[in-house]
Amino acid sequence: MRYTLMLKADGKATFEHWQRLFAEYAPDVDVYWLDDESVDPSTVDFALVWEPDFGRLAQFPNLKVTFSGGAGVDHIIADPSYPKHVPIVRLFTEESAQLMLEFVTLAALMALKKMPEAIANSQRRHWDTYDLDRTAKQTTIGMMGLGNLGTVSARALGGLGFQLSGWSRTAKSLDGMNTYAGQQELGAFLAQTDILVCLLPQTEETRHIICAQTIAQLPQGAAIVNVGRGTHVNVPDLIQALDSGHLACAVLDVFDPEPLAADSPLWNHPKVIVTPHIAANPSRRSRVQYVAQQIQRHAKGQDLPHIFNHDLGY
Ligand code: OXD
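Residues numbered from 1 in each chain as written. Predicted model: local features only at pLDDT ≥ 70, side-chain atom pairs only at ≥ 80, totals over all residues. Heavy atoms only, no water.

Enquirer: Mind laying out the site of the ligand, listing which residues take part and the relevant values?
Expert: Trp50, Gly70, Ala71, Gly72, Arg229, His277 and Asn281 make up every residue found near the ligand. For the ligand, an oxygen atom lies 2.7 Å from a polar atom in the backbone of glycine 72. Considered on its own, the ligand offers 210 Å² of accessible surface; in the complex 87% of this is hidden by protein. Broken down by class, the residue content of the shell around the ligand amounts to two nonpolar, four polar and one charged. (Near = heavy atom within 4 Å. Polar contact = N/O pair within 3.5 Å; in protein donor to acceptor, adjacent residues only side chain to side chain. Areas by Shrake-Rupley, 256 points an atom, 1.4 Å probe, with all protein chains shown as cover. Nonpolar A, V, L, I, M, F, W, Y, C, P; charged D, E, K, R; others polar.)

Encoded structure:
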């Protein structure tokens, strides 16, 4: 049995690399770029996409599964014509977990060691031996979002001695972590958080969850790390809190929109580290391995993991 998969991820220049990888891991899958009009739409079985063109997935009447090119699916369901009966599999590989925990650890340590201040000083050749007032053991990480990536990242931070707390939509209990749930416990969670790490999915409820009101509930001198989605942060409110000194710094990997606008004040804010959405982009090889495994499972009639839940929004 041969399958047809339509692909759009990492830019068209990478297509040959994708094809080579699919030939290695899924030789029974013919791969075409998403906009390839030579493909009969009725023959399309699978799609692997990041930011697919609106309306395109709806043109494949026999589409069986859409694979998201990342853990998030907001870039797929933003298309109002997305065929809701087709399951979307979120990409979650060991490699993405490892990449995310490395990035979050780096970001938390940058905040702890006041790295934005050192970088800003270095850029103006200014020597200032500022105080480092606490160690990881005296610092509480507040993990917003306790899905797979949040949980593995928290574990790594716990290994460095950080105190851990977590907040999620519904109650969860995790070893070594004080957990809080729902709107009613958000204030208590924020009040004891020194470094807030946002790893929430993008949903209606999480839009601008980091805003003047929530930032004000963080202790003076807190830091923010956003590796969720740009829409989680109200940027003017964040900048105001950094400028007033309420927040010490922010490490931001995601923006709304992306790429970050050339005139955004975030670029050269002395208390902000900007990275270009690189926290957890797994290699093409690991993404193809993952998709190939899931296609095999599908062929055997087995359940697929990490299916997006339309009702919950993640
Ligand atoms: C993802 C991402 O969704 O990288 O995986 O943002």
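Enquirer: Hey, could you go over the packing of aromatic side chains for me, with residue numbers and the actual values?
Expert: Under the definition given, this model contains four aromatic pairs. Relative to phenylalanine 67, the ring of phenylalanine 46 has its centre 6.1 Å away and its plane inclined at 45 degrees; by these criteria the two rings are tilted. Residue phenylalanine 46 is located in strand β3 (residues 46-49), and its partner phenylalanine 67 is located in strand β4 (residues 65-68); the two are separated by 21 residues in the primary sequence. Aromatic rings pair up to connect Tyr3, Phe46 and Phe67 into one cluster. (Phe/Tyr/Trp six-rings, centres within 6.5 Å; stacked < 30°, edge-to-face > 60°. Helix = DSSP H or I, 4+ residues; strand = E, 2+ residues; numbered from the N terminus.)

Enquirer: Describe the nonpolar core, naming the residues involved and giving the relevant values.
Expert: Core analysis: the largest hydrophobic core is formed by 32 residues, its most contacted members being Ile141, Phe162, Ile195 and Val227. Elements supplying a minimum of two residues to this core: α3 (94-112), β6 (140-144), α5 (148-159), β9 (195-198), β10 (222-226) and β11 (247-252). Broken down by element, this core gets its largest block of residues, nine residues, from α3. If near-sequence neighbours (up to four positions away) are discounted, isoleucine 195 is found in contact with Ala108, Ala111, Leu112, Thr139, Thr140, Ile141, Gly142, Phe162, Ala223 and Val225. (Core = buried A, V, L, I, M, F, W, Y, C linked by side-chain atoms within 4.5 Å. Buried < 20%, exposed > 50% of the residue type's maximum accessible area, 1.4 Å probe, protein only. Contact = heavy atoms within 4.5 Å.)

Enquirer: Can you explain the environment of leucine 157? Please cite residues and give values.
Expert: Turning to its location among the elements, leucine 157 is positioned in helix α5. Under the relative-accessibility criterion, leucine 157 is labelled buried at 0%. C-alpha separation for the pair leucine 157 and isoleucine 141, spaced 16 residues apart in sequence, amounts to 8.1 Å. Ignoring any residue separated from it by four or fewer positions in sequence, one finds leucine 157 in contact with Val104, Thr105, Ala108, Ile141, Met143, Phe162 and Leu164.

Enquirer: Which residues make up the side chain of aspartate 253, and what are the values?
Expert: Structurally, aspartate 253 is set in the loop between β11 and β12 (272-274). For the buried aspartate 253, no salt bridge is present, and the opposite-charge side chain at shortest range is arginine 229, 7.5 Å distant. Those residues within four positions of aspartate 253 in sequence are excluded, and the remaining contacts are Phe103, Asn226, Val227, Glu258, Thr275, Pro276, His277, Ile278 and Ala279. (Lys, Arg positive; Asp, Glu negative; His and termini not counted. Salt bridge = Lys/Arg side-chain N within 4 Å of Asp/Glu carboxyl O.)

Enquirer: Please give an account of helix α1 (residues 15-25) that cites residues and values.
Expert: Among all positions of α1, only Phe15, Trp18, Leu21 and Phe22 are buried. Projection of α1 onto a plane perpendicular to its axis shows the buried side chains occupying an angular sector of 125 degrees, all on one side. Exposed residues on α1 whose side chains face more than 90 degrees from its buried face are Glu16, Arg20 and Ala23. Turning to α1, the residues buried within the fold contact β1 (3-8), β2 (29-33), β3 and α9 (284-299). (Arc of directions from axis to C-beta.)

Enquirer: Talk me through the pairing of β1; I want residue IDs and the actual numbers.
Expert: Most of β1 is tucked away, with five of its six residues classed as buried. The pairing of β1 with β2 spans five bridges and is parallel. Its bridge partner being in β2, leucine 5 is matched across the sheet by valine 31. With α1 bridging β1 and its parallel neighbour β2, the resulting β-α-β unit is right-handed. (Pairing = 2+ DSSP bridges. Right-handed = clockwise from strand over helix to strand, strands pointing away.)

Enquirer: Could you give me a rundown of the sheet that holds β12, with the residues and numbers involved?
Expert: Taking strand neighbours across the sheet as the criterion, the seven strands line up as β8-β7-β6-β9-β10-β11-β12 in an open arrangement whose pairing is parallel. Every other strand in the sheet has two partners, leaving β8 (178-181) and β12 as the edge strands with one partner each. Averaged over all pairs of adjacent strands, the angle between their axes in this sheet comes to 15 degrees, without regard to strand direction. Both β11 and β12 contribute to a ladder of three bridges, which runs parallel. Each bridged residue has a counterpart across the sheet, and for alanine 250 the counterpart in β12 is valine 272. Seen against the sheet, α3 touches β6, β9, β10, β11 and β12 and runs at an angle of roughly 155 degrees to β9. (Axes fitted to C-alpha atoms, helices over the stretch in contact; angles between N-to-C directions.)

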